Amino acid sequence: AFEAKTLLSRAGMVTLDPGFANTAACQSKITYIDGEAGILRYRGYPIQELAAGSSFLEVAYLLIHGELPGPGELKEFTEQLRANAALPVEMRAMIDALPRDGHPMILLGAAVNTMAAFYADTTDPDDSDQVDRATMLLLAQLPTVAARIYRNSAGEQPLEPDHSLGYVEDFVRMTFGGDSGSRELDELYAKAMDLLLILHADHEQNCSTATVRVVGSSQASLYGSVSAGINALFGPLHGGANQAVLEMLEEIRGLGGDVDSFLAKVKDKESGTRLMGFGHRVYKNFDPRSKEIKELAAQILHRQEQPDELFELALRLEGRALADSYFTDRKLYPNVDFYSGVIYRAMGFPTSMFTVLFALGRLPGWIAHWREQRLDPAARIARPRQLYVGPAQRSYNG
Ligand code: ACO
């Protein structure tokens with residue numbers, strides 16, 4: 001305690017705030033959240049309105065540039081993205097050489113990091129033309145990279161972009177080959193994917209976005225910062241949660257669908273088991289994105305001939321948890337990830353791709369924050385303090 005006080009007196013006021021739960025590290029104009037009221041707005045627009053009426057590319061433009069695009073601007077933005085979607089031959093070879101059984105998030109982070117080498121003339125954070133070019137290349141190529149990683153892992157020949165298709169539509173085609181056999185189903189899946197990407201596009205200072213800002217604060221390139229964000233997102237308490245939800249549902253199915261004994265295990269703190277897809281650092285009443293996703297899940301899964309066992313299980317689990325004071329007392333409600341995995345699974349994605357889809361959605365948010373920080377005159381290199389509680393001085397010589 002003496003050492004900590006000494007540090008305090010030299011450093012001025014240092015607040016111990018584990019997980020930065022009460023520390024604002026920046027001012028931002030991008031996303032507004034009121035966790036108590038369950039409000040989420042991008043650049044002032046309620047998420048529900050954007051979910052109902054906009055497209056992912058409109059939202060990406062809005063987050064990055066601050067205003068919705070006019071029709072001409074959206075057309076130009078879309079055309080530029082499509083024109084830049086193909087990867088350089090050497091980058092394709094590099095992705096193809098990565099271990100095919102490696103987790104797609106590890107491969108995605110690695111591939112994005114190397115973009116700083118493939119596009120070395122777009123890495124100067126002080127040059128706004130280079131930053132615009134890096135923004136365009138990342139948005140244009142992340143779906144191509146993600147689809148290639150998926151095809152390699154599935155032992156299928158990677159597919160090149162088809163510039164005549166829409167951004168999301170082409171990602172779905174590059175992933176699955178576009179032969180579901182039903183045009184209506186392809187369209188529904190592209191629409192569902194578009195909505196999921198919108199709902200994941202930004203969430204102010206979450207772990208991965210804060211990481212992108214911290215790395216960017218040292219004037220690292222946009223690619224390096226986004227690659228770090230991808231790695232932060234991969235953690236099971238953040239973006240890895242949608243994969244963990246599916247694994248949890250499979251486990252409960254293995255228990256014969258016994259939801260109650262699973263919840264009993266969760267409530268036993270000794271077990272170390274959490275109800276994945278429940279709880280949020282900020283939302284303490286409901287997650288405004290979870291309602292949209294639950295509706296989408298119902299729309300997609302009710303098209304199947306057989307009722308979806310895992311979706312039915314998730315509905316039952318949610319119902320039982322929300323009637324249990326363990327969860328309501330702690331203000332634990334379903335978050336954005338509770339139902340998204342069930343939808344991705346119905347579309348045919350393996351669980352290991354779920355977090356990659358989250359990364360595709362979160363990319364415009366990461367870019368918007370990195371760019372905002374770059375232009376913020378108050379921005380400084382991120383360098384938190386600590387309270388030292390280790391040994392006092394001792395001698396190596398005994
Ligand atoms: N299941 C069971 N108990 C939980 C859960 C859960 N999912 N989440 C929190 N709790 C309990 C904690 O054990 C703690 O109980 P206590 O007061 O008796 O000690 C209390 O609720 C508060 O929990 P914290 O860990 O302090 O909450 P925090 O805000 O730090 O964590 C988090 C938020 C990480 C999201 C947590 O709720 C969690 O682990 N959820 C499951 C993982 C998940 O779904 N993550 C996705 C988040 S959304 C996203 O990244 C897009």
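What counts, and at which threshold
Along each chain, residues carry numbers from 1 onward, in the same order as the chain's sequence is written. Only residues with pLDDT of at least 70 are given local features in this predicted model, and only at 80 or more are side-chain atom pairs given and counted; all residues enter the totals for whole chains, interfaces and linings. To get the side-chain values, all heavy atoms of the structure are used, and hydrogens and water are removed first. To get an axis, a line is fitted to the C-alpha atoms, and for a helix only the part in contact is used. The angle between two axes follows their N-to-C directions and goes from 0 to 180 degrees. A helix here means a DSSP run of H or I that spans at least four residues, while a strand means a run of E at least two residues long, and both kinds are numbered starting from the N terminus. Roughly parallel means an angle under 35 degrees; roughly antiparallel means over 145; roughly perpendicular covers 65 to 115; every other angle is labelled oblique. Two helices that cross are described as forming a left-handed crossing if the nearer one is turned anticlockwise from the farther one by less than a right angle, and a right-handed crossing if clockwise. Two residues qualify as a contact provided that any one of their heavy atoms is within 4.5 Å of a heavy atom in the partner residue. Exposure classes here rest on a 1.4 Å probe applied to the protein chains alone. A residue is buried below 20% of its type maximum, exposed above 50%, and partly exposed in between. Pairing between strands requires that DSSP locate at least two bridges from one strand to the other. For this scheme, ten residues count as nonpolar: Ala, Val, Leu, Ile, Met, Phe, Trp, Tyr, Cys and Pro. Four count as charged, namely Asp, Glu, Lys and Arg, and the remainder, Gly too, count as polar. Near residues are defined by distance, with any heavy atom within 4 Å of the molecule or strand qualifying the residue. As used in this structure description, the phrase polar contact means that two N or O atoms lie within 3.5 Å; if the pair is within protein, one of them must be able to donate a hydrogen and the other to accept it, and residues adjacent in sequence are counted only when both atoms belong to side chains. All accessible areas in this document rest on Shrake-Rupley with a 1.4 Å probe, and a residue is counted as covered only by the protein chains that are shown. Each helix should span, by expectation, one fewer than its residue count multiplied by 1.5 Å. Of all possible arcs, the one meant is that of the directions from the helix axis to the C-beta atoms. A residue's pLDDT is the confidence the predictor assigns to it, expressed on a 0 to 100 scale. Two aromatic rings from Phe, Tyr or Trp, using only the six-membered ring of Trp, form a pair when their centres are within 6.5 Å; if the ring planes differ by under 30 degrees the pair is stacked, by over 60 it is edge-to-face, and anything between is tilted. Counted as salt bridges are all cases of a side-chain nitrogen of Lys or Arg within 4 Å of a carboxyl oxygen of Asp or Glu.

Asks: Before we move on, can you summarise the packing of helix α14 (residues 288-301) against helix α15 (residues 309-322) with the specific residues and values?
Replies: The geometry of α14 relative to α15 is characterised by a closest axis approach of 11 Å and an angle of 150° between their N-to-C directions. By the criterion of interaxial angle, the relationship of α14 to α15 is roughly antiparallel. Here the hand of the crossing between α14 and α15 comes out left-handed. Each of K294, A297, A298 and L301 in α14 lies in contact with α15, whose residues at this interface are F311, L315 and E318.

Asks: Kindly report on the pairing of strand β1 (residues 31-34), identifying the contributing residues and their values.
Replies: Going residue by residue along β1, you find T31 and I33 tucked away on one face and Y32 and D34 left uncovered on the opposite face. With four bridges joining them, β1 and strand β2 (residues 39-42) adopt antiparallel strand pairing. Looking across to β2, one finds that D34 is bridged to I39. Connecting the antiparallel pair β1 and β2 is a turn made up of four residues, with G38 showing a positive phi of about 70°.

Asks: Could you give an account of the packing of helix α10 (residues 207-216) against helix α18 (residues 354-374), naming the residues involved and the relevant values?
Replies: Running from N to C, α10 and α18 cross one another at 35°; their axes reach a closest spacing of 9 Å. α18 is crossed by α10, and the crossing has right-handed handedness. Between α10 and α18, the contacting residues are S208, T209, V212, R213 and G216 on the first element and R362, W366, H369, W370, E372 and Q373 on the second. Class assignment for the residues of the contact of α10 with α18 results in three nonpolar, five polar and three charged.

Asks: Summarise the pairing of β2; cite the residues concerned and give the values.
Replies: Residues L40 and Y42 line the buried face of β2, whereas the alternating positions I39 and R41 sit on a face that is not buried. Between β2 and the antiparallel strand that follows it, strand β3 (residues 45-46), lie two residues; R43 among them carries a positive phi value of about 50°.

Asks: For the sheet that holds β2, give the residues involved together with the corresponding values.
Replies: Overall, antiparallel pairing links the three strands, which are arranged β1-β2-β3 in an open sheet. The sheet is open, and its two edges are formed by β1 and β3, each paired on a single side. Bridge count for β2 against β3 is two bridges, and the pairing is antiparallel. Looking across to β3, one finds that R41 is bridged to P46.

Asks: Can you explain the site of the ligand? Please cite residues and give values.
Replies: Lining the immediate environment of the ligand, one finds 21 residues, of which K269, R274, L275, G277 and Y326 sit closest. L237 has a polar backbone atom sitting 3.3 Å from a nitrogen atom of the ligand. K269 is positioned with one of its side-chain polar atoms (N or O) 2.5 Å from an oxygen atom of the ligand. Relative to its free-state accessible area of 920 Å², the ligand is covered by the protein chains to the extent of 75%. The residue makeup of the shell around the ligand, split by class, is 10 nonpolar, five polar and six charged.

Asks: Outline helix α4 (residues 71-83), supporting the account with residue identities and numerical values.
Replies: For the α-helix, the turn length of 3.6 residues means that residues three or four positions removed from each other point alike. In a regular helix each residue adds 1.5 Å, so 13 residues correspond to 18 Å; α4 covers 18 Å between its end C-alpha atoms and thus fits that length. Listing the buried residues of α4 in full gives F77, L81 and R82. All buried residues of α4 fall inside an arc of 130° around its axis, so they share one side. When the buried face of α4 is taken as reference, the exposed residues oriented beyond 90 degrees from it are G72, K75 and A83. If you follow the buried residues of α4, they end up packed against α3 (56-65), α7 (128-153) and α8 (167-176).

Asks: Can you lay out the confidence of the model for the protein for me, pointing to particular residues and giving the numbers?
Replies: When pLDDT is averaged along the protein, the result is 92; 96% of the residues meet or exceed 70. For this predicted complex, the interface confidence score (ipTM) comes to 0.94, while the overall pTM stands at 0.90.

Asks: How would you explain the environment of C26 if you had to name every residue and give the values?
Replies: Along the polypeptide, C26 turns up in the loop between α1 (2-11) and β1. Sequence-distant contacts of C26, defined by excluding residues within four places in its chain, comprise Q205 and R213.

Asks: Outline the packing of aromatic side chains, listing residues and values.
Replies: If you walk through the whole model with that rule in mind, you get 12 aromatic pairs. Residues Y326 and F327 carry aromatic rings whose centres are separated by 4.8 Å and whose planes lie at 70° to one another, so their mutual orientation is edge-to-face. You can call F327 buried: its relative accessible area is 1%. Ring geometry for F338 and Y339: centres 5.0 Å apart, planes at 85°, overall edge-to-face. Owing to a relative accessible area of 2%, Y339 belongs among the buried residues under this scheme. Here a set of aromatic residues connected by ring pairs shows up, and it is made of Y150, F171, F176, Y344, F349 and F354.

Asks: Go over the pattern of salt bridges, please, and point to the residues and values.
Replies: All told, the structure shown has 18 salt bridges when counted by the stated rule. Among the ionic pairs, R213 bridges to E372, the shortest N-O distance being 2.6 Å. Remark: E372 occurs in helix α18 and R213 occurs in helix α10; sequence separation between them is 159 residues. Residues R345 and D308 are paired through a salt bridge, measuring 3.3 Å at the closest nitrogen-oxygen approach.

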